[in-house]
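Summary of the model geometry
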Amino acid sequence: PCYRGNTGRMPATVKNPFQHLVEPLDPKDSTQQFYNLSKLRDPRYDRLPFSIRVLLESAVRNCDEFLVKSSDVESILNWKLTQTQTVEVPFRPARVILQDFTGVPAVVDFAAMRDAVKALGGDPEKINPVCPADLVIDHSIQVDFNRKSDSLQKNQDLEFDRNKERFQFLKWGSKAFRNMRIIPPGSGIVHQVNLEYLARVVFKHEGFFYPDSLVGTDSHTTMIDGLGVLGWGVGGIEAEAVMLGQPISMVLPEVVGYKLHGTPEKLITSTDIVLTVTKDLRQVGVVGKFVEFFGPGVAQLSIADRATIANMCPEYGATAAFFPVDEVSIQYLKQTGREPEKLAYIAKYLKAVSMFRDYNDVSQDPEYTRVVELDLSSVVPCCSGPKRPQDRISISDMKNDFESCLGAKQGFKGFQVDPGRHKTVVPFQFAEKEYALEHGSVVIAAITSCTNTSNPSVMLGAGLLAKKAIECGLSVKPYIKTSLSPGSGVVTYYLKESGVMDFLSQLGFEVVGYGCMTCIGNSGPLPDPVVKAITQGDLVAAGVLSGNRNFEGRVHPNTRANYLASPPLVIAYAIAGTVRIDFEKEPIGINSEGKEIFLRDIWPTREEIQAVERTFVIPSMFLEVYEKIEKVNKRWNSLVAPSDKLYTWDTTSTYIKSPPFFDGLTMTLQPPKSITGAYVLLNLGDSVTTDHISPAGNIARNSPAARFLTDKGLTPRDYNSYGSRRGNDAIMARGTFANIRLFNKFLNKQAPQTIYLPTGETMDVFDAAQRYQQSGVPLVVLAGKEYGSGSSRDWAAKGPFLLGIKAVLAESYERIHRSNLVGMGVIPLEYLPGDTADSLALTGKERYTIIIPEPLTPRMMVDVKLDSGKTFQVRMRFDTDVELAYFHHGGILNYMIRKMSEN
């Protein structure tokens, strides 16, 4: 009933000690069984949060007294009493999901690991996924063309031309590795495809039923929690270990119960709810915890609404945001075309193991670490920004908030624009007409991202708003880069069938592709006259997108203010042309007859939207789209890829390169050494994101990566993006800390540069790191709170590793990024409570010696000695014994290679 990889075979003589719990789900069919947890007859089980029950079932089913022990089962059953302790348990998810930005480096690692295992005398084919893995290609397409009916085809053609080499490599991977399925480009966004197609909810495999669960190499993997499938994002290197059969070692989490009650006002969207939840839970503090939703308010939310809330789980900092399966979940599976037989056994199994929820039945409410409540009737229309998802602003406050941010000190809510420049206006010509830009002018308006495009209510709401806007004689200025990138072909299907697609097109919101696009930074170029006007006036131009991330430098280099909004609000701000508007008091536009039109005049009601949804979002659409999803892309089908089990590396390639991580690897472990006399490469502040550390977007023409590509004979139009180049370590190392919005305290300004301390020269971060490495000097990074927040990018750990960074010293870490640092053998150090770089009077110009004692224990304190004579203690954030084992091996992949090379 479980997968067992080559790293952990159960000894042949050991029987699962919980075998007595096995029984058939249907008494008439003894071939289909399950572990009946109710037969534990343990009163603790019925008080466990539903999410913890999933962890328990996995531990029971996979118990072999080797990798998963009966003591682990007891620890999970004892969840309530372990809240004040750090209890480590193993978890074997049922499957793994990847997208291509993180999937390409994973397949590169697998290919290189096969080479390494062979070099150590092992069987290279042991490097092979032993649990199902799906890779959805959705991050490569960019908004190069928009506003034209052929934009979709042109963008898809350009995507294939740019990424043919990457796609060939992935196609090789799908042949070379078992259990790996590739969903071709043009199919949709990974999390929406997961929700509508890939999710099993309950697995039926090798004669056993068990809950669907997963980890994914994208932080928004949590979206699937909205369907009652427990899943969360992990680093790429951790996912690789899971694919090879290694259980995840996790600290048993606290579970915050989030009780929903009340009824949303009729003009409220699911986006308004999720942005409210995000701000609320950020303030509560749920980092590293599970959030589980309950209460009568949940029953009023559709699965699409729940998935929207679960999607933004990383933005409020939790590990998972779980909505247990209920009757609404079953109806969603029916709506999306799942077979009746599956619906029957899903409900029957979950009821048998007490994992089926009735949100109106308070007797089912489990115990939680703590409970937080939200009255849905208190939610108001809102956006978030201008630089972070958790900074919610009600629409009525938007104008005042932006104007306050203009003059505020540089920071998350400030641009530090001189008061005398707040009313700067820059005229420009576009398409032979005169226009003008000012601070707050909207230049990007994108309906994008899995967060919202999976939700028919907000997508049809946007379409109905567009219809009313056109009927009222409103339009969008032609220089605004508008785009619509649905999460799956189903969205386009119901937008067309309902008749609203034509109105969206008339406002400039043509379908430009099926992928993350603007949300990931693939927004493509702005018109030259717009860029020149922004630059000339040093304007704080705005992007408005229905996404989940709006960090500085992510959406587009020329949009310093970026706001997350529902799809209808994206259109509203596009029509208005500015975020400096109070929709309650000011008209959204004036039609050709001179009549003032207000947003309330064109905003559709919940009842209007639901009526259209009931009529046009039907099972046959999902069946028609998904039955051909793996075959519909003709260019993918015709792509020729090698069939060898070992990959033949092309040394001239600028996309795919054998990484140096395993060079010189032997079977002999070297004891860890203290870090002596390290220089500080960067001195950073709070909320440094993985976008700052390892950008995904465009490659700046004056960057080290651009110089490298130019030396290889490429022109700027062929640079593509950093995300597409993640299979080549030479480019990714040069792209590390290359974000133009990186604020380095050494320079006291935003720039992808640092000071080479031995000489005092200012230079690009990569060039400085190279100089240090040539001198044989180790490096460290100083940082503040929430270091590594944002996307789950393994290159945000691999890049620093290649720059020679041995440790990071921060006030706190984002969960996935800390795990990624551990996975690469980079030491995450944390200041003790109350300590900061400022309180310790650290300038970053000291030299640091970090004492690594023996033996190491989880979360132990270590000494840091400065060349000034000062000494202070920090906590070493290896949180479990397994993480320490990885560190001793020099990282998780080295550990796996040595295990796979054993005879």
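Right above here is the structure, for reference.
Residues numbered from 1 in each chain as written. Predicted model: local features only at pLDDT ≥ 70, side-chain atom pairs only at ≥ 80, totals over all residues. Heavy atoms only, no water.

Looking only at helices and strands, the chain has 31 helices and 36 strands in total. Taking 903 residues into account, the globule formula puts the C-alpha radius of gyration at 29 Å, and the chain, at 27 Å, falls close to it. Oriented by its inertia axes, the alpha-carbon framework of the chain measures out at about 85 × 75 × 55 Å. For the chain, restricting intrachain contacts to residue pairs at least 6 apart in sequence, the fraction spanning at least 24 positions comes to 76%. Summing over all exposed atoms, the chain offers an accessible surface of approximately 31400 Å²; the carbon and sulfur share of this is 49%. Taking the 99 positively charged and 101 negatively charged side chains of the chain as two groups, their mean positions are separated by 2 Å. (Helix = DSSP H or I, 4+ residues; strand = E, 2+ residues; numbered from the N terminus. Rg over C-alpha atoms; globule rule 2.2 N^0.38 Å. Contact = heavy atoms within 4.5 Å. Areas by Shrake-Rupley, 256 points an atom, 1.4 Å probe, with all protein chains shown as cover. Lys, Arg positive; Asp, Glu negative; His and termini not counted. Charge placed at Lys NZ, Arg CZ, Asp CG, Glu CD.)

On inspection of all chains with the given rule, the structure shows 31 aromatic pairs. Seen from their ring centres, Trp232 and Phe290 are 5.6 Å apart, and the 50° between their planes marks the pair as tilted. A residue pair is termed long-range when its members are at least 10 positions apart, and Trp232 in strand β10 (residues 230-233) and Phe290 in strand β13 (residues 290-294) qualify at 58 residues. Its relative accessible area of 1% is what places Phe290 among the buried residues. A network of ring pairs unites the aromatic residues Phe110, Phe169, Trp172, Phe177, Tyr647 and Trp649 as a single cluster. For Arg600, the ring lying beneath its charged end belongs to Phe598, and the centroid distance is 4.4 Å. (Phe/Tyr/Trp six-rings, centres within 6.5 Å; stacked < 30°, edge-to-face > 60°. Buried < 20%, exposed > 50% of the residue type's maximum accessible area, 1.4 Å probe, protein only. Lys NZ or Arg CZ within 6 Å of the ring centre and 35° of its normal.)

In total, this model carries 44 salt bridges according to the counting rule given. Through salt bridges that share partners, Arg818, Glu830, Arg859, Arg877, Asp879 and Glu883 make up one connected network. (Salt bridge = Lys/Arg side-chain N within 4 Å of Asp/Glu carboxyl O.)

Pairing is mixed around the closed barrel formed by 7 strands, whose spatial order is β26-β31-β32-β33-β36-β35-β34. Across this sheet, the average inter-strand angle for adjacent strands is 40°, counted without regard to direction. Two strands pair when backbone bridges link them, and strand β35 (residues 861-866) and strand β36 (residues 871-876) are joined in this way by 5 bridges, in the antiparallel orientation. By the bridge assignment, Val864 is partnered in β36 with Phe872. (Pairing = 2+ DSSP bridges. Axes fitted to C-alpha atoms, helices over the stretch in contact; angles between N-to-C directions.)

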